[in-house]
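# Geometric and topological summary
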Amino acid sequence: MSLTDPEVVDCSIIPVFQVSNGGDASILSVNDEEMVVSEAKRKKKKKKKQDSAPRPACSWVYFSREFIKEYSASHPESSGLKAATKAASDAWKLMSIEEKEKYTRHAREVWDDYLSTAPARIPKPRKQTKLVTRCSPGRLFNVIQRLTSEQKAAVKSMGFGSLLGLRCRTLRRSLCLWLLERFNTARCSLEICGERIPLSPRDVEHVMGLAACGKDVVNSGPDDLIADLRHSYNATNRGISVRLLEERLAAPEAGEDFKRSFILYALGTLLSPTARLDVSPSFLHFLINMDVVHQYNWGKFLLDRLVREVSRFRQGKQHAVGGCLLFLQVIIKEGCLVMESVEYGVQVEDLSGGKISSGVEHNPIFEQEGTEASVANFPKSKGIMGGDTEAIVEPDRTPCRNKEYGCNETMNCMRNNDHEENCIFASCACPLPNCKFVGSSEQLSLHFSSKHWDSGRRFRYNIPLSVTLGMNERFLVLQAEEDGILFILNKGVESIGNMVMITCIAPCSSKDNFLYDLVSGKGISSLRLKSLTANFPGRVEGFPPVDFLLIPFRFLGPSGELNLEFCIWNSTELGSDFP
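Quick caveat, the model's predicted, so the values are computed rather than measured. (Residues numbered from 1 in each chain as written. Predicted model: local features only at pLDDT ≥ 70, side-chain atom pairs only at ≥ 80, totals over all residues. Heavy atoms only, no water.)

## Description of the environment of Gly-439
Note on placement: Gly-439 falls in strand E12 (residues 438-439). Relative accessible area serves as the criterion here: at 0%, Gly-439 is assigned to the buried category. Once the C-alpha coordinates of Gly-439 and Pro-537 are considered, the two residues, 98 residues apart in sequence, prove to be 9.8 Å apart. Ignoring anything within four residues of it in the chain, the contact list for Gly-439 reads Tyr-405, Ala-426, Ser-427 and Cys-428. (Helix = DSSP H or I, 4+ residues; strand = E, 2+ residues; numbered from the N terminus. Buried < 20%, exposed > 50% of the residue type's maximum accessible area, 1.4 Å probe, protein only. Contact = heavy atoms within 4.5 Å.)

## Some words on the packing of helix H6 (residues 149-157) against helix H11 (residues 256-271)
Where H6 contacts H11, the two axes come as close as 10 Å, and the packing angle between them is 70°. Put simply, H6 runs roughly perpendicular to H11. H11 is crossed by H6, and the crossing has right-handed handedness. Packed against H6, whose contacting residues are Gln-151, Ala-154, Val-155 and Ser-157, the element H11 presents Phe-258, Lys-259 and Phe-262 at the interface. Residues belonging to the contact of H6 with H11 are distributed by class as follows: four nonpolar, two polar and one charged. (Axes fitted to C-alpha atoms, helices over the stretch in contact; angles between N-to-C directions. Parallel < 35°, antiparallel > 145°, perpendicular 65-115°, else oblique. Left-handed = near helix turned anticlockwise from the far one by under 90°. Nonpolar A, V, L, I, M, F, W, Y, C, P; charged D, E, K, R; others polar.)

## Things to note about helix H7 (residues 173-181)
What H7 keeps buried is the set Leu-175, Cys-176, Leu-177, Trp-178, Leu-179 and Leu-180. Against strand E1 (183-184), strand E2 (189-192), helix H12 (298-314) and helix H13 (325-329) lie the buried residues of H7.

## A look at the confidence of the model for the chain
Per-residue pLDDT for the chain has a mean of 76; in total, 74% of the residues score no lower than 70. Here strand E7 (residues 355-357) stands out as the least confident element of the chain, with mean pLDDT 34; H11 is the most confident, with 93. Taken as a whole, residues 1-30 scores under 50 in pLDDT and shows five contacts with residues more than four places along the chain or in a different chain. Counting contacts from residues 368-395, a segment whose pLDDT is below 50, to residues more than four positions away or on other chains yields 76 contacts. (pLDDT = per-residue confidence, 0-100.)

## Re the sheet that holds strand E3 (residues 195-198)
Spatially, the three strands line up as an open sheet ordered E1-E2-E3, and their pairing is antiparallel. The sheet terminates laterally at E1 and E3, the two strands that pair on one side only. (Pairing = 2+ DSSP bridges.)

## A word on the sheet that holds strand E19 (residues 525-532)
An order of E14-E22-E18-E19 is seen for the four strands of this open sheet, with the pairing classed as antiparallel. At either margin of the open sheet sits one strand with a lone partner, and together these are strand E14 (465-469) and E19. Sheet twist, expressed as the mean angle between neighbouring strand axes with direction ignored, is 25°. For strand E18 (residues 515-522) and strand E22 (residues 562-568), the ladder comprises four bridges, and the chain directions are antiparallel. Residue pairing across strands places Asp-517 opposite Cys-567, the latter belonging to E22.

## Quick notes on the packing of aromatic side chains
Summed over all chains, the structure comprises 22 aromatic pairs. Considering the side-chain rings of Phe-63 and Tyr-103, the 5.3 Å spacing of their centres and the 75° angle between planes classify their relative orientation as edge-to-face. Taken together, the residues span a long stretch of sequence, with Phe-63 in helix H2 (residues 59-74) and Tyr-103 in helix H4 (residues 97-117) at a distance of 40 residues. For the pair shown, Phe-63 and Tyr-103 are each scored as buried. With centroids separated by 5.7 Å and ring planes inclined at 90°, the aromatic side chains of Phe-459 and Tyr-461 adopt a geometry described as edge-to-face. An identical accessibility class is assigned to Phe-459 and Tyr-461; each is buried. Counting every residue linked through ring pairs, the aromatic cluster contains Trp-60, Phe-63, Phe-67, Tyr-71, Trp-92 and Tyr-103. Sitting over the ring of Tyr-233, Arg-248 keeps its end group 4.2 Å from the ring centre. (Phe/Tyr/Trp six-rings, centres within 6.5 Å; stacked < 30°, edge-to-face > 60°. Lys NZ or Arg CZ within 6 Å of the ring centre and 35° of its normal.)

## Details of the nonpolar core
Within the largest apolar cluster, 72 residues are counted, with the highest numbers of intra-cluster contacts made by Phe-160, Met-208, Phe-262, Leu-270, Leu-271, Trp-298 and Phe-327. Per-element accounting of this core gives the leading share, nine residues, to H11. Setting aside chain neighbours within four positions, we find Leu-271 in contact with Phe-160, Leu-163, Met-208, Leu-210, Ala-266, Leu-302, Gly-323 and Cys-324. (Core = buried A, V, L, I, M, F, W, Y, C linked by side-chain atoms within 4.5 Å.)

## Some thoughts on the pairing of strand E16 (residues 486-493)
Along E16, seven of the eight residues are buried, which leaves the element largely enclosed by surrounding structure. Bridge count for strand E15 (residues 475-480) against E16 is five bridges, and the pairing is antiparallel. Across the sheet, Leu-476 pairs through a bridge with Leu-489, a residue of E16. Of the strand pairs in this sheet, E16 and strand E17 (residues 497-505) are connected by seven bridges, and their pairing is antiparallel. Looking across to E17, one finds that Asn-490 is bridged to Met-501.

## Looking at the pattern of salt bridges
For the structure shown, the criterion picks out 15 salt bridges. One salt bridge connects Asp-291 with Lys-436, and the closest N-O pair in it is separated by 3.8 Å. One end of the pair, Asp-291, is in the loop between H11 and H12; the other, Lys-436, is in the loop between strand E11 (428-429) and E12, with 145 residues separating them in the sequence. Overall, Asp-291 belongs to the partly exposed group, its relative accessible area being 28%. Taking the shortest distance from any N to any O, the salt bridge between Arg-528 and Asp-517 comes out at 2.4 Å. One end of the pair, Arg-528, is in strand E19; the other, Asp-517, is in strand E18, with 11 residues separating them in the sequence. For Asp-517, a relative accessible area of 7% translates into the label buried. It is possible to trace a salt-bridge network through shared partners that takes in Arg-305, Arg-308 and Glu-309. (Salt bridge = Lys/Arg side-chain N within 4 Å of Asp/Glu carboxyl O.)

## A word on the state of the cysteines
Taken as a whole and judged by the stated rule, the model has zero disulfides. Distance from the sulfur of Cys-135, which forms no disulfide, to the nearest cysteine sulfur (Cys-324) is 5.0 Å. Among the cysteines around Cys-508, which has no disulfide bond, Cys-213 carries the closest sulfur, lying 3.3 Å off. The exposure class of Cys-508 is partly exposed, given its relative accessible area of 32%. (Disulfide = S-S within 2.5 Å.)

## Focus on a nonpolar patch on the surface
A cluster of nonpolar side chains, contributed by Ile-496, Phe-548 and Leu-550, occupies part of the molecular surface with about 270 Å² of accessible area. Within the fold, Ile-496 resides in the loop between E16 and E17. (Patch = residues over 30% accessible without salt bridge, like charges linked within 9 Å, V, L, I, M, F, W, Y side chains within 5 Å. Areas by Shrake-Rupley, 256 points an atom, 1.4 Å probe, with all protein chains shown as cover.)

## As for the side chain of Ser-440
Residue position: Ser-440 is located in the loop between E12 and helix H14 (441-451). If we skip the residues at most four places from it in the chain, Ser-440 touches Tyr-405, Ile-424, Phe-425 and Ala-426.

Here's what the structure looks like:
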């Protein structure tokens, strides 16, 4: 029995398909075309291989060819090429340099001949490197738009009010790549067209609106100090989830948890992002006490982190570029805008004259909205021409960043103007922990006199006054009756005694100095310090590197209180001979 047996298969029920002659022709034509194309590709590849001359071999190859031919002839019983190659390798290792010289000279002659006759290689066009970064101003912009008025006030009280005016949502990645190639991490400068543009924390203050004076930001310390905070933010070894921070910032509360979450989010998305997607948990070290956040030198921290992240990227330790690339995108040098472009052909013709070649019209990254935030102001481009587009930055007058605190001064952006560094309206914070008031030193004096008149001690210049600090009191606010200037009598506890000093609440750039005396006594013994007050825009947590008086515990009273006598002299009455 077979399949052709009619009993097995009824051939009449099998359908028969017939194709017309035209269909056969079309099928054949398609097949012919496919064969022609494949044959053309094969010939093209073969021709390409024939056109390119093979690269010359090295000295070891010439030796092995000669050795294997002789070895195969003298060892017919050999198992094949593998054994001959192994024998050649052993023989090559035992040869001296003089013995190898024959083959080395021959390989060099062949290589020189190849270089002299081979056609010049046409370099392939360089592929554009993609910039990978976690710096995302758009994410922070979206969060800021949803903040309530109470939350915005909390942001301002921490010294981050400039971020509330953020306008830029995206990075110009081509420009950032161009700038990173010219960023000198060793000198912390940009090197463009033979000109070196140094960058400093003061530049960060101009661009980002963050303070460039105060205590250093330290993001290290014992892990047990931040154990509770790590648990609160579900921090893992990878970091703190950005989505978790966004969920927390969506809540309407504006307390300490909101402040900490906002700074973490701002650092992780704009100011100091790392190569990872999450926020570094090491930032929690300087966010333990939220009352001192406004005292930090954020400009120096942001610049140091940018240099560190770019250095790690160049060393190949991470595939993404960290740091605040938005700062590099818009840089101010001596009061003028350096550049902002999406093209590689950016040219700076005259850094001092302000003529800048740019591919687009400049848009400031921050905007001023009434008194909503104290932000950096930038000169706008005045003209745009076709072809090789140029944006001419002309002299422009901009208000001082302390305008909301009463300063009406305007500055010429094209000149090196140090008004803001010495502005008497620079912001100062109320020293009391539960008060979030921020204003100029004069506004702060009126605020303290009216709102906290019973929370400090009033005194008169040049007249000694006795005060007592309880065992748990860490500071006492002093206010002068003559001019209302605020001082702070600070106390710190160490292992061998108490440290005390007097500081003045004033802008860091203030040149006013006050001489003061501090005396502590017990029985016939006494300790005395005479020094000048240091200026700080608020209460100082910890002890800065200034003079202090160390008082042993035996000078304390029966209840642990500290009895002191102080005297502050008016700066206008200081002469050549001090009291």
